[in-house]
Amino acid sequence: MKMEICCMKYELQKTDSQTKARAGKITTDHGEILTPIFMPVGTAATVKAVHQRELVDEIKAQIILGNTYHLYLRPGLDILERAGGLHKFNGWSGPILTDSGGYQVFSLKDIRKISEEGVKFQSHIDGSRHLFTPESVMDIQRVIGADIIMAFDECAPYPCDYNYAKKSMEMTHRWLKRCIDRFDSTEGKYGYSQTLFPIVQGSVYKDLRIQSAEFIAEQNREGNAIGGLAVGEPAEKMYETIDYVNDILPKEKPRYLMGVGTPENILEGIALGIDMFDCVMPTRNARNGMLFTTQGIINIKNEKWKDDFSPIDEALGGYASTFYSKAYLRHLVKCDEILAAQIASIHNLTFYLWLVGKAREHILAGDFATWKNAMVKQTMYRL
Ligand SMILES: NCc1cc(CSc2ccccc2)c2nc(N)[nH]c(=O)c2c1
């Protein structure tokens with residue numbers, strides 16, 4: 001098997017003159033990622049209702065996400081390893097990023113127990129009992145084989161008191177050292193390199209966030225993530241936190257804001273120096289008939305679209321958004337047709353990739369600030 005020697009590289013290509021927005025290029029053994037980038041979430045080894053070919057040809061996705069918690073439970077590590085890793089299993093040949101599983105387990109409120117060792121939990125599928133530790137989730141992500149893997153962290157609930165946030169952050173930092181020790185003492189299983197991103201925590205407390213950002217930066221990994229945001233705090237609080245954390249995270253490494261967000265959150269995040277985003281919103285909301293378009297947000301179930309035979313979004317381009325009408329998609333959603341989820345998911349993801357692609361264009365052109373302010377209003381307008 002050809003052993004790859006490359007590890008993940010980041011090239012900062014341009015920084016905007018009026019904001020902290022950046023255009024860059026991430027290089028992995030599975031290909032390049034042009035930033036700012038949005039990463040479609042593929043929880044159970046698939047981006048829900050979307051074919052691989054549509055991800056490539058229509059949505060123009062560059063990197064997709066996998067979920068350690070879900071993949072560990074189903075199909076399980078034996079199948080994934082015998083398939084040769086997630087890339088071989090689902091046929092996605094580009095870069096993949098996996099979350100460490102902690103966040104997903106923490107949302108299993110009543111069936112998990114956190115301790116210094118790790119997190120004991122019961123499977124939401126069959127109630128079987130499991131333990132995730134920093135070491136075990138590193139080993140699991142080695143088997144899944146994602147190009148970028150995330151450290152095992154605790155996403156503190158919001159709101160939480162200062163003492164809880166401090167204890168949680170300190171445990172996340174001890175877990176990070178255990179992740180690094182395990183990751184750096186093991187190899188990739190499939191002949192290509194993987195990289196580990198640490199995650200800044202500290203809830204909404206500035207001194208804790210600064211302490212966490214400094215500790216994360218000190219680890220000198222190839223990229224850094226900001227967690228624990230978009231968990232219910234006011235958007236202004238999220239932006240304020242990102243702003244001063246990004247002054248600490250090194251500019252020569254990509255910055256990933258986890259689980260964010262609306263088009264407005266993404267544009268503001270880009271302006272604050274974030275390079276990578278993921279969110280279930282475009283796919284989850286699509287299945288409920290909420291469409292993000294270049295002209296604003298559409299609730300396709302609304303009566304007003306019943307006899308609107310115009311394309312879903314002519315300006316966006318792409319097959320799903322221009323071939324099908326609003327009236328037809330409304331009909332499919334009302335009938336709970338499978339095709340509704342497919343069309344709406346492809347459309348919303350195409351829109352999200354279009355949005356970050358346009359942001360990159362305007363950063364390179366030098367007029368990002370003006371474009372961003374107009375685009376926030378345009379895309380968040382309720383049609
Ligand atoms: N914005 C909330 C959020 C979402 C995710 C999930 S991001 C994700 C989801 C699925 C697949 C890949 C990444 C998080 N993951 C971790 N590890 N830590 C967090 O603080 C955190 C906060």
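The protein is annotated in an unreviewed UniProt entry as Queuine tRNA-ribosyltransferase from Emticicia oligotrophica. Listed under Catalytic activity (unreviewed entry) in UniProt, the entry text for the protein is "7-aminomethyl-7-carbaguanine + guanosine(34) in tRNA = 7-aminomethyl-7-carbaguanosine(34) in tRNA + guanine". The annotation that UniProt attaches to the protein under Pathway (unreviewed entry) is "tRNA modification; tRNA-queuosine biosynthesis."

Asks: Even after reading the chapter, I still don't get the overall build of the protein, so can you show me in this structure?
Replies: When you go through the protein residue by residue, the secondary structure sums to 15 helices and 17 strands. The globule rule puts the C-alpha radius of gyration for 383 residues at 21 Å, and the 20 Å found for the protein is close to it. Taking all 383 residues of the protein together, 56% fall into the buried category. Only carbon and sulfur atoms are counted for the fraction: they give 53% of the accessible area of the protein, which is about 15,900 Å². Charged side chains in the protein number 45 positive and 48 negative. The centres of these two groups are separated by 2 Å.

Asks: Teacher, can you tell me more about the UniProt feature "binding site: substrate" (unreviewed entry) in the protein here?
Replies: UniProt's feature table lists "binding site: substrate" (unreviewed entry) at Asp 99, Ser 100, Gly 101, Gly 102, Tyr 103, Asp 153, Gln 201 and Gly 228, given in the numbering used throughout. With respect to the helices and strands, Ser 100 occurs in the loop between β6 (96-99) and α5 (102-106). There is a polar contact of 2.7 Å between the side chain of Ser 100 and the backbone oxygen of Ala 151. Topologically, Tyr 103 is positioned in helix α5.

Asks: What is the right way to look at the site of the ligand in this model?
Replies: In the region of the ligand, 19 residues are neighbours, and Asp 99, Asp 153, Gly 228, Leu 229 and Met 258 sit closest. Here Asp 99 contributes a side-chain N or O atom positioned 2.8 Å from a nitrogen atom of the ligand. Contacts to the ligand include Gln 201, whose side-chain N or O atom sits 2.9 Å from an oxygen atom. Compared with its free state, where it exposes 500 Å², the ligand has 96% of that area covered by protein. Elements supplying a minimum of two residues to the shell around the ligand: β5 (64-67) and α5. No other element matches the three residues that β5 contributes to the shell around the ligand.

Asks: Explain the sheet that holds strand β12 (residues 199-200) here, please?
Replies: Strand-to-strand pairing in sheets goes through backbone hydrogen bonds, with the strands running parallel or antiparallel. Reading across the sheet, the five strands line up as β4-β15-β14-β13-β12 and stay open at both edges, with parallel pairing between neighbours. Of all strands in the sheet, those with a lone pairing partner are β4 (37-39) and β12, marking the two edges. Bridge analysis of β12 against strand β13 (residues 224-226) gives two bridges, and the strand direction is parallel. Residue Val 200 lies in a different strand from β13, and its bridge partner there is Ile 226.

Calculation notes
- Residues numbered from 1 in each chain as written.
- Predicted model: local features only at pLDDT ≥ 70, side-chain atom pairs only at ≥ 80, totals over all residues.
- Heavy atoms only, no water.
- UniProt positions renumbered as here; feature names shortened; annotations may be inferred.
- Helix = DSSP H or I, 4+ residues; strand = E, 2+ residues; numbered from the N terminus.
- Rg over C-alpha atoms; globule rule 2.2 N^0.38 Å.
- Buried < 20%, exposed > 50% of the residue type's maximum accessible area, 1.4 Å probe, protein only.
- Areas by Shrake-Rupley, 256 points an atom, 1.4 Å probe, with all protein chains shown as cover.
- Lys, Arg positive; Asp, Glu negative; His and termini not counted.
- Charge placed at Lys NZ, Arg CZ, Asp CG, Glu CD.
- Polar contact = N/O pair within 3.5 Å; in protein donor to acceptor, adjacent residues only side chain to side chain.
- Near = heavy atom within 4 Å.
- Pairing = 2+ DSSP bridges.

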